[in-house]
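# Descriptive structure summary
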Amino acid sequence: MAAATTSEVNNKILKEQKEIRRENLLTNSRLMIGFLGFVFIVLCAVLIPMFSSVDPNEMEISARLTPPSLHHIFGTDEFGRDLFIRVLYGARVSLCVSSLVAVLSAIIGTIIGIYASFFKLLDHILMRICDGLIAIPGMLLAIALMAAFGNTSWTVVVALTIVYTPSVARMVRASALVTKEQTFVEAAKVQGASNVRILCKLIFPSVISPLIVQASFIFAQSIIAEASLSFLGAGIPAPAASWGNILQASKTVLTKAPWTAVFPGIIVILCVLCLNLLGDGLRDYLDPHMIGRRKSK
Amino acid sequence: MKNVENQSQVLLEIKDLRVLFQGRKKLLPAVDGVNLSIRQGEIVGVVGESGSGKSVMSQTILRLREHESEVQYEGSILFDGQDILKLPLASMSKIRGNQISVIFQDPLTSLNPVYTVGNQMSEVLMLHKKMSKQEAREKSIELLNLTGIPSPERCIKQYPFELSGGMQQRVMIAMALACEPKLLIADEPTTALDVTIQEQILDLIVELNKKLGMSVLFITHDLSAMAQLCHSVRVMYLGQIVEEAATAELFACPSHPYTRGLLSCIPRLDTDREEELPVIPGVVPPLTDVPVGCHFCTRCTLADEKCREEEPPVTEVTPGHKVKCWKYGQTEKEKEAVQ
Amino acid sequence: MPSYILKRILSLIPVFFVMSVVIFLVVYLIPGGPAASLLGMEASQDQINALNTELGFNRPFLVQYGDWVMNVLRGDWGTSYLLKQPVLQAIGEHFAPTMSLAVCAEIFTLIFSIPFGILAAYKHGTTVDTVTVSVSMVGVAIPGFLLSMFLMLLFGVTLKWLPVAGYAAMSEGFGQHLRYLLLPAISLGVAQAAYITRMTRSSMMDVLYMGYIRTARAKGVRESAVVFKHMLKNAAPTILTAIGQSFGGLITGTIVTETLFNIPGLGMLIISSINQRDVFVIQGVVLFVTLVYVLVNLVVDLTYGLVDPRIQMGKK
């Protein structure tokens, strides 16, 4: 009579797993730190310029290259522009560009990857194209594309999307192919489920979590890439405040006014760091194997 | 074959062994107060479902678990007069593979995929017997011959994945025997193999036991393999030995409800086809949820209040046959009522 | 093994094809044709058309592409408008500093990343591991040019230990050569080292609990041999791949580093070409660097086959 039935025990295990999941989410310090840090940066970039009357492009010749003070928290640049507000406006530009790159390459990559996993011939062609694109070092391809199409924010988005899409496509294709081999997909096929149904109900969900993780890494990567491109003069054109532009401007006055590089630089690093932490944390959290692994530890 | 070895010396003696893993909230006892001794030349079987702690116990003899997770021990394991649990971990390498060897369940994952069979076999010989490369090679061929591998010269040049499962397990056995160990721990050596190959491997173990006189600790969940091979048997459930007896005795008069359950699950040719095979209800509870009192009480049809509250003592049924159960020693009448 | 090498080399053919099309398109798709780019804003439409015709850019796509491929194979990579010299020659002149820088950075990378990656995996969960993972986390997050600027400020400007910028060729003495390369190499190597440390750690973690590791210990193999013989060789393919892939990041990283430290390498060449809209040089450098990258990865893949017998036999 006291014998626990299998379903009882299963329920218990499921409940425990749920609890572990919830606990993992809260104790997953990477995920929490990354998420909160990133949200904080985004909120600052959105809100502070809305309530501040300081114009990021207003030049105050008398206040050129003033070190950080209460009035100018990050100091001013060589045109006397307030660096703090410029970094915030720069965040808007850089984050917009990078998030667009992440979203676009995730969407296009998923479409290509899923198509490739379904049609054999197409798979060969698409994957060879991806191989060829991946063979060209990413930044170099971006620089070449920028050189060809000219410097605008939109070309940065297009160039970086071209750079990152192939790796997304490959990842999606690989996990879609793995899922397709699974018994539950076979079972659905035997039951007469249509390709579309299998794709939407079974394959796409299995691709989602690695996709989110990779998108967060691409987001972080594109922040670095945009900054590097703008820094080289092959990115977002000059008067606009982007993180790369602010840092490029600091290059010439580096020895005289190190703060012009240090503060914006630290913000860029923190932002990338938060996104990487977020990606790492998400990967740990979304990986179903982690539940078992944590438990056995 | 059964009681021949009774007079020989005790080789390994496990006393009150507890192995505790660090769980999420508390220490989890994977092995919970095990007493077990193995005589020279004896084949001792340990049987139990997965999760019964039999593999952990066998790996504790070589202290292999310490490398993989946080482990705490209580009790002692005496081997050749010294307590293995008190040795510094570094000096374990003199015992491992030399005096005590193991064969694991899955031969393919147990062999290193990037080294040849010869390389992996020579490694043991060069390490413990200080052989030269050439000597080790010759000895390896000899050992592979002993385990019945058809063309050992070719085999030592091959990589594990080029061999069949049976051949891989033979290589594992040959490797385990390389330094003529006093004790061979066979941790479910046949589970991953085909039925015909299983038979061959079991025969090989018996043959080597007779030829070399080494003791064997045979771990399995396969009762028929157990019957075929072992001099005596321990039945494990949730980290405890619930019954121990000579093999024939155990099969003839199983005394613990769990043992009876296990034995009744074996299909027989003479049973009625229409009749459903009995099963033990429920599943082994997880280590986080070990019941108070008798560990088996959650699945035992005989369990009462006492079983759920107090741990049962070990009672001797006949000399050498022990059982850990409150219900043992009930009147015959009650027993019949149960069956 | 020979069939594996052949297979691997044959698989490069489509890669080369796609890559060459993309690199060709970069010039072909320039709005108004390459001449518009070369001649700049002031040029009239007639001048642009004349130059496009002279350069053969008014011909059909396939003809142009075929012509370009043939020329590239023959060693004619076009002529630099700015430098008035063949592109290949310009690349040759700028290659040595980039090569030196890349090698130094790679050495720095490997010295730090592999040992720390192994250590962190082996001691995972301990302070050593936490510190290694945190440091590599930050290392991956720092853009190369920022690190360059910070290191310049610290070691060049404040401490004055090393030259702030500049380059000394090998002919000026090896010591001097290294002195100038040290800062750029470190600032280039940190991100790579961080990445490879993470990859080494995770690939070692993957083999840490494998059955054969348990077997090795059960045989009595000492811990040092367990780690370096049994674990490392199994983890090596992933680590090698990571090194090969990170080489792409390394070599593009030189572009930024060179412009900052004033090193007259390929990076300087491509950046000045972008500013001067010298499209053939841009195309040539991209093609050249890509070829180097593909070759490096080919070599990596071939060593991969040496390490893992399953690859040679085509079982994986």
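Residues numbered from 1 in each chain as written. Chains lettered and ligands numbered in written order. Predicted model: local features only at pLDDT ≥ 70, side-chain atom pairs only at ≥ 80, totals over all residues.

Identification of chain C as Peptide/nickel transport system permease protein from Hespellia stercorisuis DSM 15480 is taken from an unreviewed UniProt entry. The UniProt entry for chain C carries this comment under Sequence similarities (unreviewed entry): "Belongs to the binding-protein-dependent transport system permease family." The record held by UniProt for chain C lists under Subcellular location (unreviewed entry) the comment "Cell membrane". (UniProt positions renumbered as here; feature names shortened; annotations may be inferred.)

Going by an unreviewed UniProt entry, chain A carries the name Peptide/nickel transport system permease protein and comes from Hespellia stercorisuis DSM 15480. On record in UniProt, under Sequence similarities (unreviewed entry), the comment for chain A is "Belongs to the binding-protein-dependent transport system permease family." Of chain A, the UniProt comment under Subcellular location (unreviewed entry) reads exactly: "Cell membrane".

### Side note on the overall build of chain C
Along chain C, the regular secondary structure elements total 14 helices and zero strands. When each of the 316 residues of chain C is scored for burial, the buried share is 45%. Long-range contacts, defined here as pairs at least 24 residues apart, represent 69% of the contacts in chain C between residues at least 6 apart. (Helix = DSSP H or I, 4+ residues; strand = E, 2+ residues; numbered from the N terminus. Buried ≥ 20, exposed ≤ 12 C-beta atoms within 10 Å, placed from the backbone. Contact = placed C-beta atoms within 7 Å.)

### Regarding the overall build of chain A
If you tally the helices and strands in chain A, you get eleven helices and zero strands. N-terminal to C-terminal, the α/β element order of chain A is α-α-α-α-α-α-α-α-α-α-α. Relative to its full complement of 297 residues, chain A shows a buried share of 44%. In chain A, the proportion of contacts linking residues at least 24 apart, taken out of those at least 6 apart, comes to 70%.

### Thoughts on the UniProt feature "transmembrane region" (unreviewed entry) in chain C
All names here are of chain C. When the UniProt feature table is mapped onto this chain, "transmembrane region" (unreviewed entry) is found at residues 12-31, 99-122, 134-157, 177-196, 239-261 and 281-307. A helix fraction of 100% and a strand fraction of 0% characterise residues 99-122, whose end C-alpha atoms lie 34 Å from each other. For residues 281-307, the end-to-end C-alpha separation is 39 Å, with 100% helix and 0% strand making up the annotated structure.

### Remarks on the interface of chain A and chain C
At the interface, 34 residues of chain A touch 39 residues of chain C. Among the elements of the structure, helix 4 (120-135), helix 5 (138-149), helix 8 (195-232) and helix 10 (259-286) of chain A are those that each provide at least two residues to the side of chain A that touches chain C. By residue number, the principal contributor to the side of chain A that touches chain C is helix 5 of chain A, which donates eight residues. Tallied by class, the residues present in the side of chain A that touches chain C amount to 25 nonpolar, seven polar and two charged. (Nonpolar A, V, L, I, M, F, W, Y, C, P; charged D, E, K, R; others polar.)

### Side note on the UniProt feature "transmembrane region" (unreviewed entry) in chain A
Residue and element names in this part refer to chain A. Sites flagged by UniProt as "transmembrane region" (unreviewed entry) map to residues 31-51, 89-118, 125-148, 154-172, 202-223 and 259-278. Between the first and last C-alpha atoms of residues 125-148 the distance is 26 Å; the span itself is 92% helix and 0% strand. This span, residues 202-223, is 100% helix and 0% strand, and a straight line between its end C-alpha atoms measures 33 Å.

### Overview of the sheet that holds strand 6 (residues 100-103) of chain B
Residues and elements named next belong to chain B. Spatially, 6-7-8-3-9-10-12-11 is the arrangement adopted by the eight strands of the open sheet, whose pairing is mixed. Edge strands, defined here as strands with exactly one partner in the open sheet, are strand 6 and strand 11 (314-318). The average undirected angle you get between the axes of adjacent strands in this sheet is 20°. Where strand 3 (residues 43-47) lies against strand 9 (residues 232-237), four bridges are found, and the strand directions are parallel. In the sheet register, G45 faces strand 9, and the bridge partner there is V233. (Pairing = 2+ DSSP bridges. Axes fitted to C-alpha atoms, helices over the stretch in contact; angles between N-to-C directions.)

### Here's the deal with the domain arrangement of chain C
Residue and element names in this part refer to chain C. Under the domain assignment, chain C is made up of domain 1 (2-73) and domain 2 (87-307). Distance between the C-alpha centres of domain 1 and domain 2: 31 Å. Each side of the interface is counted separately: domain 1 has 15 residues, and domain 2 has eleven residues. Elements with a contribution of two residues or more to the side of domain 1 that touches domain 2: helix 1 (2-10), helix 2 (12-28) and helix 3 (33-39). (Domains from an automatic or database assignment.)

### Considering the UniProt feature "domain: ABC transmembrane type-1" (unreviewed entry) in chain A
In this numbering, the UniProt entry assigns the feature "domain: ABC transmembrane type-1" (unreviewed entry) to residues 91-279 of chain A. Secondary structure over residues 91-279 of chain A splits into 86% helix and 0% strand, and the C-alpha atoms at its two ends are 20 Å apart.

### Concerning the sheet that holds strand 2 (residues 27-39) of chain B
Residue and element names in this part refer to chain B. The strand order 2-1-4-5 describes an open sheet built from four strands, whose pairing is antiparallel. Only two strands of the sheet have a single neighbouring strand rather than two, namely strand 2 and strand 5 (82-83). Inspection of the sheet shows strand 4 (residues 71-79) paired to strand 5 by two bridges, in the antiparallel sense. Paired with L78 across the two strands is D83, which belongs to strand 5. Against the sheet, helix 1 (residues 54-61) makes contact with strand 1 (10-22), strand 2 and strand 4, and its axis sits at roughly 65° relative to strand 2, the strand it touches most.

### Quick notes on the environment of C300 of chain B
Residue and element names in this part refer to chain B. Tracing the backbone shows C300 in the loop between helix 11 (257-264) and helix 12 (305-309). When the C-alpha positions of C300 and L20 are compared, they lie 25 Å apart, and in sequence the two are 280 residues distant. Apart from the residues lying within four places of it in its own chain, the contact partners of C300 are P257 and C307.

### Observations regarding the packing of helix 9 (residues 174-208) of chain C against helix 11 (residues 223-261) of chain C
All names here are of chain C. One way to put it is that helix 9 packs onto helix 11 with a least axis distance of 8 Å and a crossing angle of 160°. By the angle between their axes, helix 9 is roughly antiparallel relative to helix 11. Judged by the twist between their axes, the crossing of helix 9 over helix 11 is right-handed. Residue classes in the contact of helix 9 with helix 11 are distributed as 17 nonpolar, eleven polar and one charged. (Parallel < 35°, antiparallel > 145°, perpendicular 65-115°, else oblique. Left-handed = near helix turned anticlockwise from the far one by under 90°.)

### Some remarks on unusual backbone geometry
Backbone geometry places E180 of chain B, a non-glycine residue, at a positive phi of 45°. Looking at where E180 of chain B falls in the secondary structure, it is placed in the loop between helix 7 (165-177) and strand 7 (183-187). A positive phi angle, close to 55°, is found at K160 of chain C, a residue other than glycine.

### Some thoughts on the pairing of strand 11 of chain B
Residue and element names in this part refer to chain B. The sheet contact formed by strand 11 and strand 12 (residues 321-324) spans four bridges and is antiparallel. Directly across from T318, in strand 12, lies its bridge partner H321. In sequence, strand 11 turns back onto strand 12 through a hairpin of two residues, with G320 there showing a positive phi of about 85°.

### Comments concerning the confidence of the model for chain C
Looking at chain C, the pLDDT average stands at 86 and 98% of residues meet or exceed 70. Of the two predicted TM-score estimates for the complex, the pTM is 0.84 and the ipTM is 0.85. (pLDDT = per-residue confidence, 0-100.)

### Thoughts on the environment of G279 of chain A
The topology assignment puts G279 of chain A in helix 10. Remark: the alpha-carbon pair of G279 of chain A and I129 of chain A, spanning 150 residues in sequence, is separated by 27 Å.

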